[in-house]
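The chain contents come next:
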Amino acid sequence: MIVWKAGLLATCYTPAQFPPARFREIALVGRSNVGKSTLVNKLLGQRLAHVSNTPGKTRSINFFSVTCASEKVAFLLVDLPGYGFAKRGKNEQQEWKMLVEAYLLRRESLDLVLQLVDFRHGLLDNDRIFQQWARGNDIPVQVVFTKADKIARGKHREYLERYLSRSVFTRTVPHITGATSGLGVEELKLFLTAFSSQNASGQAAEA
């Protein structure tokens, strides 16, 4: 079992509030109702990310410090506001775009973006729009499916093969997780720990 020690480092509503880029960073992004905060809390082993019943409520970028003493790894897990929430006003949508793009396009310490996708539905239009944008801007993406514990295990391979039959921009084969039951969480932690260890020298990961 991979043991992380984690804490909330900063909550930022503007780029000026971003903490100094001293550690490598892995960001999470996904639709507003994809279960991102629940997965973050499961990964961190404590309730640090606020879980809301109202999709699209989170408007800040939250930086969490992570250390794994056994692997001598330290990095930041960065929780980005969810996209694709239709009820956002135009001003809110523009603010979201400016904040998230300022981070994704200018943050030199960003190594990888975990794009969370609901396993029950696969990549929807907004997910594919983000994929195209990320690929066009040379941003490395790893797809992570969520809420897979709501689908019978025996059907997981069928669902995965169906989704992969269409073009998917991802660094490796997508991870399959279910935060409620803990499905795939340890495997994802192992992947993130190993990835951060490989990039500890400060070299950005390749897409």
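Structure: above.
These figures come from a predicted structure and were not determined experimentally. (Residues numbered from 1 in each chain as written. Predicted model: local features only at pLDDT ≥ 70, side-chain atom pairs only at ≥ 80, totals over all residues. Heavy atoms only, no water.)

Along the chain, Asn-41 falls in helix H1 (residues 36–44). Of the polar contacts made by the side chain of Asn-41, one reaches the backbone nitrogen of Ala-49; its length is 2.7 Å. Those residues in contact with Asn-41 that sit more than four places away from it in its chain are Gln-46, Arg-47, Leu-48, Ala-49 and Val-51. (Helix = DSSP H or I, 4+ residues; strand = E, 2+ residues; numbered from the N terminus. Polar contact = N/O pair within 3.5 Å; in protein donor to acceptor, adjacent residues only side chain to side chain. Contact = heavy atoms within 4.5 Å.)

On to the packing of aromatic side chains, then. Across all of its chains, the model carries 13 aromatic pairs by this definition. Each ring, one from Phe-119 and one from Tyr-163, has its centre 5.8 Å from the other, and the planes form 80 degrees; the classification is edge-to-face. Of this pair, Phe-119 sits in the loop between strand E5 (110–118) and helix H3 (125–136) while Tyr-163 sits in helix H4 (residues 156–164), placing them 44 residues apart in sequence. A relative accessible area of 9% places Tyr-163 in the buried class. Relative to Tyr-163, the ring of Tyr-159 lies with its centre 6.1 Å away and its plane at 80 degrees, an arrangement referred to as edge-to-face. Of this pair, Tyr-159 and Tyr-163 both sit in helix H4, four residues apart, which is roughly one turn of that helix. On the accessibility criterion, Tyr-159 (17% relative accessible area) is buried. Looking at Lys-189, its charged tip hangs above the ring of Trp-4, at a distance of 5.2 Å from the centre. (Phe/Tyr/Trp six-rings, centres within 6.5 Å; stacked < 30°, edge-to-face > 60°. Buried < 20%, exposed > 50% of the residue type's maximum accessible area, 1.4 Å probe, protein only. Lys NZ or Arg CZ within 6 Å of the ring centre and 35° of its normal.)

Note that all results are geometric; they support no functional claim without further evidence.
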